[in-house]
Structures are given as C-alpha cells and as structure tokens.
Amino acid sequence: NDDFDWKEHLKYLNDLSVYYCPILFFVICCLNGICCSMLKVEPMGKPLDIYIEKNIINDIVNITNKPYEENEASNNVIADHIRAISFMISDGIIPSNEGRGYVLRRIIRRALRHGYSLGMREPFLYKLVQSVSNVMGNHYKELINNQSNIVSILKGEEEGFMRTLDNGMHIL
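Conventions adopted
Residues numbered from 1 in each chain as written. Predicted model: local features only at pLDDT ≥ 70, side-chain atom pairs only at ≥ 80, totals over all residues. Heavy atoms only, no water. Core = buried A, V, L, I, M, F, W, Y, C linked by side-chain atoms within 4.5 Å. Buried < 20%, exposed > 50% of the residue type's maximum accessible area, 1.4 Å probe, protein only. Helix = DSSP H or I, 4+ residues; strand = E, 2+ residues; numbered from the N terminus. Contact = heavy atoms within 4.5 Å. Phe/Tyr/Trp six-rings, centres within 6.5 Å; stacked < 30°, edge-to-face > 60°. Lys NZ or Arg CZ within 6 Å of the ring centre and 35° of its normal.

**Some thoughts on the nonpolar core**
For step 1, the next point in the chain: In this structure, Ile82, Ile85, Leu125 and Leu154 are the most contacted members of the largest nonpolar core, which totals 33 residues.
For step 2, the next point in the chain: Contributing elements (two or more residues each) for this core: α3 (47–64), α4 (72–90), α5 (99–117), α6 (129–136) and α8 (147–171).
For step 3, the next point in the chain: Ignoring any residue separated from it by four or fewer positions in sequence, one finds leucine 154 in contact with Ile82, Ile85, Ile89, Ile108, Leu125, Tyr126 and Val129.

**Some remarks on the packing of aromatic side chains**
For step 1, the next point in the chain: All chains considered together, the criterion is met by one aromatic pair.
For step 2, the next point in the chain: Plain terms: the ring middles of phenylalanine 87 and tyrosine 140 are 5.0 Å apart, the flat faces sit at 85° to each other, and that makes the pair edge-to-face. Of this pair, phenylalanine 87 sits in helix α4 while tyrosine 140 sits in the loop between α6 and α7 (141–145), placing them 53 residues apart in sequence.
For step 3, the next point in the chain: Relative accessible area serves as the criterion here: at 24%, phenylalanine 87 is assigned to the partly exposed category.
For step 4, the next point in the chain: For tyrosine 140, a relative accessible area of 22% puts it in the partly exposed group.
For step 5, the next point in the chain: For the cation-ring pair, arginine 121 lies above tyrosine 116, with the distance from its terminal atom to the ring centre recorded as 3.7 Å.

**Digging into the side chain of asparagine 71**
For step 1, the next point in the chain: Mapped onto the fold, asparagine 71 is located in the loop between α3 and α4.
For step 2, the next point in the chain: Classification of asparagine 71 as buried rests on a relative accessible area of 18%.
For step 3, the next point in the chain: Excluding residues that lie within four positions of it along the chain, asparagine 71 makes contacts with Lys66 and Leu118.

Laid out in structure tokens, this is it:
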C-alpha cells in the first residue's frame, strides 16, 4: 500500500518497544535497517545508542578516561562486542581455537585491540560485564546467574591476549 507510512509505523513500534520489551526493541532495530534499505530512506537515528549502549558506553568512557566523541568507533565496537561476549559465555561457549569458541575468541580480541587503541594496557572488558547485566539482566536472567563465570572466563582470556600483545609490541 503506497499510503502506508512505514517509517512512522516503525518509529511508533520503536518507541513502544523501548519501554515495554527490549527483545522487541532489537527486532525493531533490525526491521528499521532492513526496511530503510529496501525503501532507500535514511534510518531513524541510532536507537541502540540511546537505549542499550548508552549505559555501557558511559562505563567504557569511565574506564578508559577517553571522551566518547573523539573515540566513537572504538567505544561502539567495545560496547557491541561486550554484549556479544557476555551472551556467548553465558550460553556456555568458551574461547577456543575452533568453532564457536574461535568466534568468541576473535570477538574478544577485536574488542581488546580497540581498547588497546584507547590506551588500555590491562584487562578491562571483564569490568563491563556488570554493565551488560544491569541493562539486559532483567530479561536474560542467565546473565545475572552466570556473571561470575563470565567474568572469570573473560578475564583469563584477556590476560592471555594482553601478554601476547605486550610481547609482540616489544618485538616490534
């Protein structure tokens, strides 16, 4: 129907879902991107920054002591990756050299490289697990129930990769 305003409808669903159902909010964000691509219109801003990533990004800025505006890309990557990391470990995936564990390891290392570019020379991602639990824990109880496990696995992986990075930097 040519008279139907998809963009206005998505905005309504987005506003509704932010307050009532974060899972629906993620679906709406995905639909927003797909519909805007199909209709060749601009998306409605960055809704994830507003609702989910804002709290996580604030904690990243506090940990790194680097302003968001000057490091927007790295902050967004770290915020996105710490969510994925937390959910993956909560689901029982552990870093390894094959399969899903390898994907997790790559996500952790990419987030750490962005942290390294922000001056972080010590493990820091594990400190952000609490932020993810605070934002998403009401709807995903596994995050709260497995938080100590997530922190210990993530911290161990971070420490190992930081040693590798430091050794590599000394060689260069």
